[in-house]
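Single-letter residue listing:
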Amino acid sequence: MNEIQPVILSGGSGTRLWPLSREAYPKQFLPLAGELTMLQATWERVASIAARGPLVIANEEHRFVAAEQLQQVGAEPAAIILEPAGRNTAPAIAVAALEATRDGGDSLLLVLPSDHVITDADAFRLAAQQAAGIAAAGKLVTFGIVPTGPETGYGYIKAASGEGARAVERFVEKPDLAAATDYVASGQYYWNSGMFLFKASRYLQELERFQPAMLATSREAWSKARRDADFTRLDKEAFAAVPSDSIDYAVMEKTADAIVVPLDAGWNDVGSWTALRDVSQQDGDGNAHQGDVIAIDCRNTYAYGQRLVAMVGLDDVIVVETDDAVLVGKGDRMQEVKAVVARLKAEGRSEATWHRKVYRPWGAYDSIDNGARFQVKRITVKPGGTLSLQMHHHRAEHWIVVSGTAEVTRGDEVILLSENQSTYIPLGVTHRLRNPGRLPLELIEVQSGSYLGEDDIVRFEDTYGRS
């Protein structure tokens, strides 16, 4: 029986969809192409053909949001494996394969990036089931997207002559327009989707053959992993020694057993705001808008607004507005957004990494105002959520409950606060905030002091294992 084990790769940083996608909350966790986030949609797409819950490979910093989003759609992951650092796709899939064979099994690994759009899920599932028989026979399957035009932003796969599933002749880097035009006209080339299907054991065999050092170091990081009920944490020191490489370079371009299965299912890797416009519902003038948008005499535009966005007389323009940044650019230049992120990082600006609203395992906080010696935050704590027992060296805090009930530990005392009640946490006093109720707790926090950075926290106890 060819049991399919989905492997969802969720370690990306999504810089090309800045300012909505940021390093601390990248695009796979955003509902960009529907009501579900891209991570949730990835699981929903394959849940009906999966033998068990997904193996999820995630960044250590994203562990709580990944777990929560999967829980929201009823997914029960076989494991959530946490990478302490990015090492590209080949090592990520290696640790997934090691996990899949841990108890002597040998499932078919359906490897899926968590940030792709596929509009025809039925066609994708049919292709995956067709590929399963091929993979069960020992082949390493890649899904080649039937091209809709000479796209220069994708790598290509050249297939052997014929129809349907067939051998891969070669992988091709992103071509120029002339080469891409020739590829599409030939009928032998497909876009490289970055999705794969193969037996876990076969991937490990081929990795051992072509990249033995990568497999050895990945195995060490996996075997030394710390495991608890929720996460498998790869050993940091061992994983730092793993060579970084993609599955294409490490295995697929070298193996003699690569097979391409054509896929025509409305696939898009949403690699830019222009790509998101192309997969979004458009009006008769090619405009696709999300949020509160007014467009007058506009064509081929995309606008995302958290507040009112008004556009007049624009053509092929992208406008993205968040609570702390605005992006405006030509549609054909959107790949250059990553240069904006690089500039922000070089200047040490937080907008490259954080949104104004920051999500935590206990809830979220939104920095709504700040000055030289003060900062105001709106804090939301989930029912049952608990912040760490902590202390600050440089700031005092005032808490005002807006709604819900707050259990406040302040030094040696524990008090309950309800709506419109408040408390004061002096500098240097140990404190904790907990929501003991069944409804979200909303409060306003006013910080005052000489230094207000998030690193001014000494944690004594933490429910979520943070230091």
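Residues numbered from 1 in each chain as written. Predicted model: local features only at pLDDT ≥ 70, side-chain atom pairs only at ≥ 80, totals over all residues. Heavy atoms only, no water.

For the protein, the name recorded in an unreviewed UniProt entry is Xanthan biosynthesis protein XanB, with Stenotrophomonas tumulicola as its organism. Turning to the protein, the UniProt annotation filed under Sequence similarities (unreviewed entry) states: "Belongs to the mannose-6-phosphate isomerase type 2 family." The protein has a UniProt comment under Catalytic activity (unreviewed entry) that states "alpha-D-mannose 1-phosphate + GTP + H(+) = GDP-alpha-D-mannose + diphosphate". (UniProt positions renumbered as here; feature names shortened; annotations may be inferred.)

## Regarding the environment of Glu 407
Structurally, the position occupied by Glu 407 is in strand E23 (residues 406–410). As a C-alpha pair, Glu 407 and Ser 418 span eleven residues in sequence and 9.0 Å in three-dimensional space. With near-sequence residues (within four places) excluded, Glu 407 lies in contact with Val 414, Ile 415, Leu 416, Arg 432, Leu 433, Arg 434 and Pro 436. (Helix = DSSP H or I, 4+ residues; strand = E, 2+ residues; numbered from the N terminus. Contact = heavy atoms within 4.5 Å.)

## What to know about the packing of aromatic side chains
Inspection of every chain in the model, using the stated rule, returns twelve aromatic pairs. Centroid distance Phe 64 to Phe 231: 5.9 Å. Interplanar angle 85°. Geometry classified as edge-to-face. With Phe 64 in helix H2 (residues 63–72) and Phe 231 in the loop between strand E10 (226–227) and strand E11 (232–233), this pair connects stretches of sequence that are 167 residues apart. (Phe/Tyr/Trp six-rings, centres within 6.5 Å; stacked < 30°, edge-to-face > 60°.)

## Topic: the pairing of strand E25 (residues 422–425)
Here E25 shows a clear split, with Thr 423 and Ile 425 buried on one side and none of Ser 422 and Tyr 424 buried on the other. One ladder, built from four bridges, connects strand E22 (residues 395–403) with E25; its direction is antiparallel. Each bridged residue has a counterpart across the sheet, and for His 398 the counterpart in E25 is Tyr 424. (Buried < 20%, exposed > 50% of the residue type's maximum accessible area, 1.4 Å probe, protein only. Pairing = 2+ DSSP bridges.)

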